[in-house]
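Commentary on secondary and tertiary structure
Residue-level listing of the chains:
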Amino acid sequence: MTGLRWGLIGASDIASTRIIPALRRVGQEPLAVLSSSAERGTRFAVENDVRLSYTSLDAMLGRDDIDAVYISTTNELHAQQAIAAAVAGKHVLCEKPLAMSIANAQEIIAACGQAGVVLATNHHLPAAGTHRRIRELVAEGAVGRPLAVRVFHAVKLPARLAGWRLDNPERGGGVILDITSHDAAAVHALLGVRALEVSAISCSQGSWGASAEDAVMTVMRCPEDLLVQTHDAFTVGYADTGLEVHGTDGSIIARGVMTQDPVGTLHLRDAKGEREIAPRDRDDLYEVTLRAFQEAVRGQGVPIVDGHAGLQALAVALAAKEAAQTSHTVSVDAVLAGQQPHNG
Ligand code: NDP
């Protein structure tokens, strides 16, 4: 059986640097690219050896030989493009955040459900062999009852990715939608829970004078009084990334694991002492996601992060944004329900 054939919606950096190479490695085909600029689309197609370039979404979606679309445009475009793809009967792998609003994310989920197509959100971290191993350790009871998660996800934004991330809130810029949403997806996948309420303080601390926030610290409370703390930034060049899960009977210390590459170490510390734990594998995160997506299309599995999980991660990120803007602790359930999310 041949691999999925893809239409790439968005002539983006992530499509070029991660997804197209990963598609080829797993035997799937990037057949066409859509750009709002004919010139950029043609150049992208040539540089990335993609056969077809479109500026009309309808024309690209009208092709019978495209099975699925990968959406990596700026965030405000995800919803309308995902819904159009679903209506055209294409399976949808959408970049994170799934949308800019809860209502839009729900519309995507509904459209894909009605069309009977697979929907996945491209939060890459749950695909990491390190994260999948931590999930198993927690499920096996290696740390007892989880009490706290600490996430270190402060990095230096590469110059080539600046642009809309720093100065365009309308396009979903800012570190909260960019990175905090990944933390939420990762914690959800590791522990099966998402935050009930979120507090946050954000700022713009880089010398680039960003209008969107470029650093944030959050504190979240999950069911059973599990606490989560995150530090996300575009401004920190020399910190390691990492994640710690602390429980009643042990702690998992993961270093270098909040990245796009299959790297990092795991240690388990408990009454017996400390030992290194091997990750499940060192497979490329995007390959894992694309393989799982194809299996889901064939009815033989589920996506690594489905639409519902993408919605939950978005809700946590929107709650963090609201919390940072209002200095109130924000209810994620209220954000999901479209209600007044705090008592202020
Ligand atoms: P880019 O800025 O590279 O691309 C986004 C859009 O910007 C493109 O669709 C393109 O529009 C336009 N664009 C690209 N280059 C230029 C240019 N030189 N001049 C003018 N416009 C340009 O975005 P990213 O690849 O960084 O992010 C895209 C999406 O992927 C976002 O939703 C982001 O959150 C997500 N992402 C996810 C990651 C992950 O690991 N899961 C990592 C990085 C990003 P057009 O298509 O119309 O040509």
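Residues numbered from 1 in each chain as written. Predicted model: local features only at pLDDT ≥ 70, side-chain atom pairs only at ≥ 80, totals over all residues. Heavy atoms only, no water.

**Digging into the site of the ligand**
Lining the immediate surroundings of the ligand are 25 residues, of which Asp 13, Ser 35, Ser 36, Asn 75 and Tyr 286 lie closest. Separating an oxygen atom of the ligand from a side-chain N or O atom of Ser 36 is a distance of 2.6 Å. Contacts to the ligand include Glu 95, whose side-chain N or O atom sits 3.1 Å from a nitrogen atom. Relative to its free-state accessible area of 890 Å², the ligand is covered by the protein chains to the extent of 77%. A molecule is said to occupy a pocket when more than half its atoms come within 2 Å of that pocket's grid points, and by this definition the ligand occupies the largest pocket. Secondary-structure elements contributing two or more residues to the shell around the ligand are helix 1 (13-25), helix 7 (164-167) and helix 8 (175-191). Classifying every residue of the shell around the ligand by side-chain character gives 6 nonpolar, 13 polar and 6 charged. Here the shell around the ligand spans two domains, since at least three of its residues come from each of domain 1 (5-123 + 287-305) and domain 2 (125-284 + 315-336). (Near = heavy atom within 4 Å. Polar contact = N/O pair within 3.5 Å; in protein donor to acceptor, adjacent residues only side chain to side chain. Areas by Shrake-Rupley, 256 points an atom, 1.4 Å probe, with all protein chains shown as cover. 1 Å grid on protein atoms, 1.4 Å probe; cavity = no way out; pocket = protein on both sides within 12 Å on 5 of 7 lines; lining within 4 Å. Sits in = over half its atoms within 2 Å of the grid points. Helix = DSSP H or I, 4+ residues; strand = E, 2+ residues; numbered from the N terminus. Nonpolar A, V, L, I, M, F, W, Y, C, P; charged D, E, K, R; others polar. Domains from an automatic or database assignment.)

**Points about the domain arrangement of the chain**
Split into domains, the chain comes out as domain 1 (5-123 + 287-305) and domain 2 (125-284 + 315-336). Taking only C-alpha atoms, the centre of domain 1 and the centre of domain 2 are 25 Å apart. Listed per partner, the contact involves 23 residues of domain 1 and 24 residues of domain 2. Both sides of the domain 1 and domain 2 interface together cover about 1900 Å² of buried area, and 54% of this is carbon and sulfur. Looking only at domain 1, the three residues that lose the most surface to domain 2 are Arg 18, Ile 102 and His 123, adding up to 29% of its buried area. Counting across the interface, domain 1 meets domain 2 through 5 salt bridges. For Asp 178, the salt bridge is made with Lys 96, and the minimal N-O distance between the two is 3.1 Å. Summed over the shared surface of domain 1 and domain 2, the number is 10 residue pairs in polar contact (both at pLDDT 80 or more). Counting residues per element, the ones that place at least two in the side of domain 1 that touches domain 2 are helix 1, helix 5 (102-115) and helix 9 (285-297). In terms of residues, the side of domain 1 that touches domain 2 owes the most to one element, helix 1, which gives 6 residues. In terms of residue class, the side of domain 1 that touches domain 2 is built from 8 nonpolar, 8 polar and 7 charged. (Contact = heavy atoms within 4.5 Å. Buried area = accessible area lost by both parts, 1.4 Å probe. Salt bridge = Lys/Arg side-chain N within 4 Å of Asp/Glu carboxyl O.)

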